[in-house]
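Next come the chains, spelled out residue by residue.
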Amino acid sequence: MHLARFPRIKLCHAPTPLEKMGNLSKLLGGPTLWIKRDDCTGIATGGNKVRKLEFLMGEAMAKGATHIVTQGAVQSNHVRQTAAVAAKLGLKCTAILEHRIQTNDADYLQGGNVLFDHLMGINIEYRPGGTDMQAAIDEVGARLTEAGETAYVIPGGGSNPVGALGYASVALELLNQANEMHLKIDRIVHATGSAGTQAGLVAGLVALNAAIPVLGIGVRLPKDRQEANVFKLAEATAKLMGGPAIPRDAVEANCDYVGDGYGIPTPGMAEAVMLLARNEGIFLDPVYSGKGMAGLIDLVRKKTFADSENIVFLHTGGQVGLFGYADYLNAAAA
Ligand SMILES: *Cc1c(COP(=O)(O)O)cnc(C)c1O
(Lines give C-alpha, C1' and ligand atoms only; values in the text may rest on other atoms or scores of the structure.)
Protein backbone atom coordinates (compact mmCIF):
# COMPACT_ATOMS: atom_id res chain seq x y z
CA MET A 1 0.00 0.00 0.00
CA HIS A 2 2.04 2.86 -1.37
CA LEU A 3 0.02 5.98 -0.63
CA ALA A 4 2.86 8.36 -1.50
CA ARG A 5 1.86 7.76 -5.13
CA PHE A 6 -1.13 10.06 -4.58
CA PRO A 7 -1.11 13.84 -4.11
CA ARG A 8 -1.49 14.60 -0.43
CA ILE A 9 -1.26 17.55 1.92
CA LYS A 10 -0.40 16.57 5.48
CA LEU A 11 -2.99 18.24 7.69
CA CYS A 12 -3.68 15.89 10.59
CA HIS A 13 -2.02 15.80 13.96
CA ALA A 14 -1.12 12.14 13.52
CA PRO A 15 -0.75 9.49 14.70
CA THR A 16 -3.83 10.16 16.81
CA PRO A 17 -3.71 8.45 20.21
CA LEU A 18 -4.91 4.88 20.74
CA GLU A 19 -6.08 4.73 24.35
CA LYS A 20 -7.62 2.15 26.64
CA MET A 21 -11.04 3.02 28.09
CA GLY A 22 -10.41 1.28 31.40
CA ASN A 23 -13.33 2.74 33.32
CA LEU A 24 -15.91 2.10 30.61
CA SER A 25 -14.64 -1.47 30.08
CA LYS A 26 -14.97 -2.15 33.80
CA LEU A 27 -18.39 -0.54 34.03
CA LEU A 28 -19.86 -2.56 31.15
CA GLY A 29 -18.00 -5.83 31.82
CA GLY A 30 -16.93 -8.02 28.90
CA PRO A 31 -14.40 -7.01 26.24
CA THR A 32 -11.62 -4.47 26.71
CA LEU A 33 -12.60 -1.26 24.97
CA TRP A 34 -10.04 1.00 23.31
CA ILE A 35 -10.51 4.28 21.50
CA LYS A 36 -8.70 5.66 18.44
CA ARG A 37 -8.86 9.42 18.85
CA ASP A 38 -9.63 10.71 15.37
CA ASP A 39 -11.57 13.44 17.15
CA CYS A 40 -8.06 14.82 17.72
CA THR A 41 -6.91 15.23 14.11
CA GLY A 42 -6.28 18.86 14.94
CA ILE A 43 -7.88 21.25 12.47
CA ALA A 44 -10.94 23.24 13.62
CA THR A 45 -11.57 20.79 16.53
CA GLY A 46 -10.69 17.77 14.43
CA GLY A 47 -12.65 14.79 13.17
CA ASN A 48 -12.52 12.14 10.46
CA LYS A 49 -13.01 14.45 7.48
CA VAL A 50 -9.52 15.94 7.83
CA ARG A 51 -8.14 12.45 7.03
CA LYS A 52 -10.01 12.44 3.72
CA LEU A 53 -9.16 16.08 3.04
CA GLU A 54 -5.43 15.30 3.04
CA PHE A 55 -5.93 13.45 -0.25
CA LEU A 56 -8.88 15.48 -1.60
CA MET A 57 -7.10 18.80 -1.07
CA GLY A 58 -3.90 17.25 -2.41
CA GLU A 59 -5.76 16.60 -5.64
CA ALA A 60 -7.47 20.02 -5.55
CA MET A 61 -4.13 21.84 -5.23
CA ALA A 62 -2.57 19.65 -7.93
CA LYS A 63 -5.42 20.73 -10.23
CA GLY A 64 -4.92 24.40 -9.40
CA ALA A 65 -8.23 24.82 -7.59
CA THR A 66 -9.23 28.30 -6.43
CA HIS A 67 -12.63 27.49 -4.96
CA ILE A 68 -13.83 24.45 -2.99
CA VAL A 69 -17.51 23.46 -3.19
CA THR A 70 -19.10 20.87 -0.93
CA GLN A 71 -22.34 19.99 0.84
CA GLY A 72 -23.81 18.51 3.97
CA ALA A 73 -26.63 18.72 6.50
CA VAL A 74 -26.97 22.03 8.38
CA GLN A 75 -24.82 20.71 11.29
CA SER A 76 -22.26 19.16 8.94
CA ASN A 77 -18.90 18.36 10.49
CA HIS A 78 -17.57 17.74 6.99
CA VAL A 79 -18.42 21.27 5.86
CA ARG A 80 -16.78 22.76 8.97
CA GLN A 81 -13.55 20.79 8.44
CA THR A 82 -13.50 21.47 4.69
CA ALA A 83 -14.01 25.20 5.29
CA ALA A 84 -11.13 25.25 7.78
CA VAL A 85 -8.73 23.45 5.43
CA ALA A 86 -9.76 25.76 2.57
CA ALA A 87 -9.00 28.77 4.81
CA LYS A 88 -5.61 27.33 5.70
CA LEU A 89 -4.76 26.74 2.04
CA GLY A 90 -6.02 30.16 0.95
CA LEU A 91 -8.93 28.82 -1.12
CA LYS A 92 -12.48 30.16 -1.33
CA CYS A 93 -15.23 27.86 -0.09
CA THR A 94 -18.93 27.50 -0.84
CA ALA A 95 -21.08 25.04 1.07
CA ILE A 96 -24.64 23.96 0.27
CA LEU A 97 -26.45 23.02 3.48
CA GLU A 98 -29.51 20.77 3.38
CA HIS A 99 -32.33 21.19 5.90
CA ARG A 100 -32.25 17.41 6.32
CA ILE A 101 -34.08 17.53 9.63
CA GLN A 102 -37.16 19.68 10.22
CA THR A 103 -36.57 21.95 13.21
CA ASN A 104 -36.86 25.58 14.29
CA ASP A 105 -34.33 25.09 17.09
CA ALA A 106 -32.03 28.13 17.10
CA ASP A 107 -29.09 26.11 18.50
CA TYR A 108 -29.36 23.65 15.61
CA LEU A 109 -29.80 26.33 12.96
CA GLN A 110 -27.18 28.84 14.22
CA GLY A 111 -24.96 27.14 16.82
CA GLY A 112 -22.31 24.41 16.79
CA ASN A 113 -20.87 23.79 13.33
CA VAL A 114 -22.94 26.62 11.79
CA LEU A 115 -21.34 29.14 14.14
CA PHE A 116 -17.91 27.88 13.05
CA ASP A 117 -18.95 28.14 9.37
CA HIS A 118 -20.07 31.74 9.94
CA LEU A 119 -16.85 32.63 11.76
CA MET A 120 -14.80 31.26 8.85
CA GLY A 121 -16.80 33.44 6.48
CA ILE A 122 -17.58 30.81 3.83
CA ASN A 123 -20.42 31.26 1.31
CA ILE A 124 -23.46 29.27 2.43
CA GLU A 125 -26.54 28.40 0.39
CA TYR A 126 -29.44 26.45 1.87
CA ARG A 127 -31.62 23.81 0.21
CA PRO A 128 -34.76 22.03 1.48
CA GLY A 129 -34.58 18.46 2.79
CA GLY A 130 -34.69 15.83 0.04
CA THR A 131 -32.80 17.97 -2.51
CA ASP A 132 -30.41 16.09 -4.83
CA MET A 133 -27.35 17.55 -3.12
CA GLN A 134 -24.76 16.13 -5.53
CA ALA A 135 -26.61 17.83 -8.40
CA ALA A 136 -26.72 21.02 -6.34
CA ILE A 137 -22.94 21.17 -5.83
CA ASP A 138 -22.26 20.18 -9.45
CA GLU A 139 -24.44 23.11 -10.50
CA VAL A 140 -22.58 25.53 -8.24
CA GLY A 141 -19.25 24.16 -9.51
CA ALA A 142 -20.35 24.78 -13.12
CA ARG A 143 -21.51 28.31 -12.21
CA LEU A 144 -18.12 29.10 -10.66
CA THR A 145 -16.24 27.66 -13.62
CA GLU A 146 -18.27 29.89 -15.93
CA ALA A 147 -17.23 32.85 -13.78
CA GLY A 148 -13.56 31.98 -14.36
CA GLU A 149 -12.80 30.10 -11.13
CA THR A 150 -11.19 26.66 -10.92
CA ALA A 151 -13.80 24.87 -8.83
CA TYR A 152 -13.06 21.61 -7.05
CA VAL A 153 -16.25 19.84 -6.01
CA ILE A 154 -16.07 17.50 -3.01
CA PRO A 155 -19.00 15.09 -2.53
CA GLY A 156 -20.89 14.91 0.78
CA GLY A 157 -18.70 13.60 3.58
CA GLY A 158 -15.68 13.64 1.24
CA SER A 159 -16.70 10.09 0.38
CA ASN A 160 -15.21 9.11 -2.95
CA PRO A 161 -12.21 6.83 -3.62
CA VAL A 162 -9.71 9.71 -3.26
CA GLY A 163 -11.16 10.74 0.13
CA ALA A 164 -11.34 7.12 1.30
CA LEU A 165 -7.54 6.87 0.86
CA GLY A 166 -7.42 8.86 4.11
CA TYR A 167 -8.86 5.89 5.97
CA ALA A 168 -6.74 3.34 4.13
CA SER A 169 -3.90 5.35 5.61
CA VAL A 170 -5.51 5.11 9.08
CA ALA A 171 -5.58 1.30 8.70
CA LEU A 172 -1.80 1.44 8.32
CA GLU A 173 -1.40 3.90 11.20
CA LEU A 174 -3.57 1.83 13.55
CA LEU A 175 -1.87 -1.43 12.65
CA ASN A 176 1.54 0.14 13.31
CA GLN A 177 0.34 1.32 16.73
CA ALA A 178 -1.10 -2.09 17.58
CA ASN A 179 2.12 -3.85 16.58
CA GLU A 180 4.20 -1.36 18.54
CA MET A 181 2.03 -1.83 21.67
CA HIS A 182 1.76 -5.56 21.04
CA LEU A 183 -2.02 -5.15 21.12
CA LYS A 184 -4.00 -7.76 19.22
CA ILE A 185 -7.05 -5.92 17.92
CA ASP A 186 -10.05 -8.22 17.50
CA ARG A 187 -12.51 -5.71 16.06
CA ILE A 188 -12.98 -2.08 15.04
CA VAL A 189 -16.33 -0.36 15.57
CA HIS A 190 -17.32 3.11 14.33
CA ALA A 191 -20.22 5.22 13.10
CA THR A 192 -20.83 4.99 9.35
CA GLY A 193 -22.68 7.59 7.26
CA SER A 194 -21.53 8.59 3.78
CA ALA A 195 -19.41 5.39 3.79
CA GLY A 196 -15.92 6.76 3.10
CA THR A 197 -14.51 6.03 6.53
CA GLN A 198 -15.53 2.38 6.56
CA ALA A 199 -14.72 1.85 2.87
CA GLY A 200 -11.20 3.23 3.28
CA LEU A 201 -10.57 1.32 6.49
CA VAL A 202 -11.75 -1.96 4.98
CA ALA A 203 -9.76 -1.43 1.77
CA GLY A 204 -6.65 -0.65 3.84
CA LEU A 205 -7.08 -3.54 6.27
CA VAL A 206 -7.68 -6.02 3.43
CA ALA A 207 -4.62 -4.74 1.54
CA LEU A 208 -2.53 -5.10 4.72
CA ASN A 209 -3.84 -8.59 5.43
CA ALA A 210 -4.72 -7.39 8.95
CA ALA A 211 -7.56 -9.85 9.55
CA ILE A 212 -9.42 -7.33 11.73
CA PRO A 213 -13.20 -7.19 11.16
CA VAL A 214 -14.84 -3.75 11.01
CA LEU A 215 -18.39 -3.11 12.20
CA GLY A 216 -20.03 0.11 11.02
CA ILE A 217 -22.93 1.40 13.10
CA GLY A 218 -25.29 3.14 10.67
CA VAL A 219 -26.72 6.59 11.35
CA ARG A 220 -29.03 7.06 8.38
CA LEU A 221 -29.83 4.23 5.93
CA PRO A 222 -31.11 0.68 6.44
CA LYS A 223 -28.49 -2.09 6.59
CA ASP A 224 -28.77 -3.36 3.01
CA ARG A 225 -28.31 0.09 1.47
CA GLN A 226 -25.54 1.10 3.87
CA GLU A 227 -23.56 -2.09 3.24
CA ALA A 228 -24.05 -1.73 -0.52
CA ASN A 229 -22.72 1.85 -0.42
CA VAL A 230 -19.69 0.90 1.69
CA PHE A 231 -18.89 -2.16 -0.43
CA LYS A 232 -19.10 -0.24 -3.71
CA LEU A 233 -16.81 2.49 -2.41
CA ALA A 234 -14.39 -0.02 -0.83
CA GLU A 235 -14.10 -1.78 -4.19
CA ALA A 236 -13.46 1.52 -6.00
CA THR A 237 -10.87 2.51 -3.38
CA ALA A 238 -9.09 -0.85 -3.67
CA LYS A 239 -9.05 -0.40 -7.45
CA LEU A 240 -7.56 3.10 -7.12
CA MET A 241 -4.85 1.74 -4.79
CA GLY A 242 -4.22 -1.28 -6.99
CA GLY A 243 -5.04 -3.42 -3.96
CA PRO A 244 -6.64 -6.86 -3.67
CA ALA A 245 -10.37 -7.39 -4.26
CA ILE A 246 -12.66 -6.75 -1.29
CA PRO A 247 -14.56 -9.82 -0.06
CA ARG A 248 -18.24 -8.90 0.33
CA ASP A 249 -18.28 -10.25 3.88
CA ALA A 250 -15.56 -7.77 4.89
CA VAL A 251 -18.30 -5.12 4.88
CA GLU A 252 -20.70 -5.27 7.82
CA ALA A 253 -23.08 -2.62 9.10
CA ASN A 254 -25.55 -2.68 11.98
CA CYS A 255 -28.28 -0.09 11.44
CA ASP A 256 -30.39 -0.81 14.52
CA TYR A 257 -29.37 2.39 16.32
CA VAL A 258 -30.53 5.09 13.88
CA GLY A 259 -33.74 5.78 15.85
CA ASP A 260 -36.25 8.00 14.04
CA GLY A 261 -33.74 9.17 11.45
CA TYR A 262 -30.53 10.98 10.59
CA GLY A 263 -29.70 13.68 13.11
CA ILE A 264 -32.69 12.90 15.35
CA PRO A 265 -31.47 12.26 18.89
CA THR A 266 -32.09 8.94 20.66
CA PRO A 267 -32.00 8.10 24.40
CA GLY A 268 -29.21 5.59 23.65
CA MET A 269 -27.11 8.37 22.08
CA ALA A 270 -27.62 10.63 25.11
CA GLU A 271 -26.68 7.78 27.46
CA ALA A 272 -23.53 7.02 25.44
CA VAL A 273 -22.49 10.70 25.38
CA MET A 274 -22.90 10.93 29.17
CA LEU A 275 -21.24 7.57 29.92
CA LEU A 276 -18.12 8.58 27.98
CA ALA A 277 -18.11 12.09 29.46
CA ARG A 278 -18.54 10.87 33.03
CA ASN A 279 -16.24 7.84 32.95
CA GLU A 280 -13.54 8.78 30.45
CA GLY A 281 -13.71 12.56 30.09
CA ILE A 282 -14.29 12.05 26.35
CA PHE A 283 -16.98 13.79 24.33
CA LEU A 284 -18.83 12.04 21.52
CA ASP A 285 -21.18 13.79 19.07
CA PRO A 286 -24.98 13.53 18.83
CA VAL A 287 -25.34 12.55 15.15
CA TYR A 288 -22.58 9.96 14.54
CA SER A 289 -20.20 8.81 17.26
CA GLY A 290 -22.89 9.03 19.98
CA LYS A 291 -25.12 6.63 18.06
CA GLY A 292 -22.12 4.49 17.11
CA MET A 293 -21.12 4.16 20.75
CA ALA A 294 -24.77 3.52 21.74
CA GLY A 295 -24.62 0.55 19.38
CA LEU A 296 -21.33 -0.72 20.77
CA ILE A 297 -22.59 -0.39 24.38
CA ASP A 298 -25.81 -2.26 23.59
CA LEU A 299 -23.95 -5.05 21.77
CA VAL A 300 -21.54 -5.42 24.72
CA ARG A 301 -24.51 -5.61 27.11
CA LYS A 302 -26.09 -8.28 24.90
CA LYS A 303 -22.84 -10.33 25.15
CA THR A 304 -22.28 -10.20 21.39
CA PHE A 305 -18.49 -10.19 21.85
CA ALA A 306 -16.17 -12.50 23.78
CA ASP A 307 -14.80 -11.10 27.07
CA SER A 308 -11.28 -11.75 25.79
CA GLU A 309 -11.67 -9.35 22.83
CA ASN A 310 -9.88 -6.05 22.38
CA ILE A 311 -12.32 -3.76 20.60
CA VAL A 312 -11.21 -0.43 19.17
CA PHE A 313 -13.88 2.25 18.83
CA LEU A 314 -12.83 4.75 16.18
CA HIS A 315 -13.88 8.18 17.46
CA THR A 316 -14.74 10.11 14.31
CA GLY A 317 -15.14 13.50 16.03
CA GLY A 318 -18.05 15.93 15.78
CA GLN A 319 -18.23 17.26 19.36
CA VAL A 320 -19.00 20.76 18.07
CA GLY A 321 -22.38 19.32 17.06
CA LEU A 322 -23.27 18.88 20.75
CA PHE A 323 -23.92 22.64 20.87
CA GLY A 324 -26.60 22.21 18.19
CA TYR A 325 -28.50 19.88 20.54
CA ALA A 326 -28.13 21.73 23.85
CA ASP A 327 -31.81 21.55 24.91
CA TYR A 328 -32.15 17.81 24.33
CA LEU A 329 -28.86 16.99 26.03
CA ASN A 330 -29.41 19.34 28.98
CA ALA A 331 -32.76 17.66 29.59
CA ALA A 332 -31.14 14.21 29.35
CA ALA A 333 -28.40 15.23 31.78
CA ALA A 334 -30.79 16.72 34.36
C1 LIG B 1 -18.97 12.18 8.70
C2 LIG B 1 -18.90 11.60 10.07
C3 LIG B 1 -18.98 10.21 10.29
C4 LIG B 1 -19.27 9.23 9.21
O5 LIG B 1 -18.19 9.02 8.36
P6 LIG B 1 -18.49 8.59 6.84
O7 LIG B 1 -17.17 8.51 6.22
O8 LIG B 1 -19.37 9.69 6.29
O9 LIG B 1 -19.23 7.31 6.87
C10 LIG B 1 -18.84 9.74 11.57
N11 LIG B 1 -18.65 10.58 12.61
C12 LIG B 1 -18.59 11.91 12.45
C13 LIG B 1 -18.42 12.75 13.64
C14 LIG B 1 -18.71 12.47 11.18
O15 LIG B 1 -18.65 13.80 11.04
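This report concerns the structure included in the present document. Everything numeric in this text was worked out from a predicted model, so none of it was measured.

Basis of the calculations
Per-chain numbering applies: the sequence of each chain, read as written, is numbered from 1 onward. Only residues with pLDDT of at least 70 are given local features in this predicted model, and only at 80 or more are side-chain atom pairs given and counted; all residues enter the totals for whole chains, interfaces and linings. As a rule here, side-chain values come from all non-hydrogen atoms in the structure, and water together with hydrogens is ignored. Helical segments are the DSSP runs of H or I of at least four residues, strand segments are the runs of E of at least two, and each set is numbered from the N terminus. Classification of residues uses two cut-offs on accessible area relative to the type maximum, computed with a 1.4 Å probe and protein chains only: under 20% is buried, over 50% is exposed, and between them is partly exposed. The contact rule is simple, with two residues in contact once any of their heavy atoms fall within 4.5 Å. All accessibility values rest on the Shrake-Rupley procedure with a 1.4 Å probe; residue burial counts only the protein chains present in the view. By the counting rule applied here, Lys and Arg register as positive and Asp and Glu as negative, while His and the ends of each chain are not counted. Here the site of a charge means NZ on Lys, CZ on Arg, CG on Asp, or CD on Glu. To estimate how far a helix should reach, multiply one less than its number of residues by 1.5 Å. Only heavy atoms are used to decide nearness, and a residue is near a molecule or strand if one of them lies within 4 Å of it. Two N or O atoms count as a polar contact when they lie within 3.5 Å, although within protein this holds only if one can serve as hydrogen donor and the other as acceptor, and sequence-adjacent residues are included solely when both atoms are side-chain atoms. Under the scheme applied here, ten amino acids are nonpolar (Ala, Val, Leu, Ile, Met, Phe, Trp, Tyr, Cys and Pro), four are charged (Asp, Glu, Lys and Arg), and all others, including Gly, are polar.

Regarding its fold elements, the protein chain presents 12 helices and 10 strands. Buried residues in the protein chain amount to 57% of all 334 residues. Partitioning the contacts of the protein chain with sequence separation of at least 6, the portion at a separation of at least 24 is 80%. Here the protein chain has roughly 13400 Å² of accessible surface; of this, 52% comes from carbon and sulfur atoms. The positive charge centre, built from 30 side chains, and the negative charge centre, built from 32, are 4 Å apart in the protein chain.

Turning our attention to helix 8 (residues 196-207). A rise of 1.5 Å per residue sets the reference length of helix 8, with its 12 residues, at 16 Å; its end C-alpha atoms lie 16 Å apart and thus fit the reference within 8%. Extensive coverage of helix 8 is indicated by the burial of 10 of its 12 residues. Of the residues flanking the end of helix 8, it is Asn209, one or two places downstream, whose phi is positive at about 55 degrees.

As a further point, take unusual backbone geometry. Cis rather than trans, the peptide bond between Ala14 and Pro15 has omega equal to 5 degrees. Note on placement: Pro15 falls in the segment before strand 1 (18-20). One non-glycine residue, Ala44, lies in positive phi territory at about 50 degrees. Mapped onto the elements of the fold, Ala44 is located in the loop between strand 2 (32-37) and helix 2 (49-62). In this structure, Ala195 is a non-glycine residue whose phi angle is positive, near 90 degrees. In this structure, Ala195 sits in the loop between strand 7 (187-192) and helix 8. Ala195 gets classed as buried once you look at its relative accessible area, which sits at 3%.

Among the secondary structure elements, Glu309 is positioned in the loop between helix 11 (289-301) and strand 10 (310-315). Glu309 gets classed as buried once you look at its relative accessible area, which sits at 11%. Not counting residues up to four positions away in its chain, the partners in contact with Glu309 are Pro31, Thr32, Asp186 and Arg187.

The next subject is the site of the ligand. Around the ligand, 17 residues are found, and the nearest of them are Lys49, Lys52, Ser194, Thr197 and Thr316. Asn77 places a polar side-chain atom, nitrogen or oxygen, 3.0 Å from an oxygen atom of the ligand. Between the ligand and the protein, one listed contact pairs an oxygen atom with a side-chain N or O atom of Thr197 at 2.7 Å. Burial of the ligand by the protein chains amounts to 98% of its free accessible area of 380 Å². Mapped by element, the contributors of at least two residues to the shell around the ligand are helix 2, strand 7 and helix 8. The residue makeup of the shell around the ligand, split by class, is three nonpolar, 11 polar and three charged.

To continue, consider the environment of Lys302. Within the fold, Lys302 resides in the loop between helix 11 and strand 10. You can call Lys302 exposed: its relative accessible area is 56%. Residues Lys302 and Gly30, 272 residues apart in the sequence, show an inter-C-alpha distance of 10.0 Å.

Treat this as a map of the structure, not an account of what it does.
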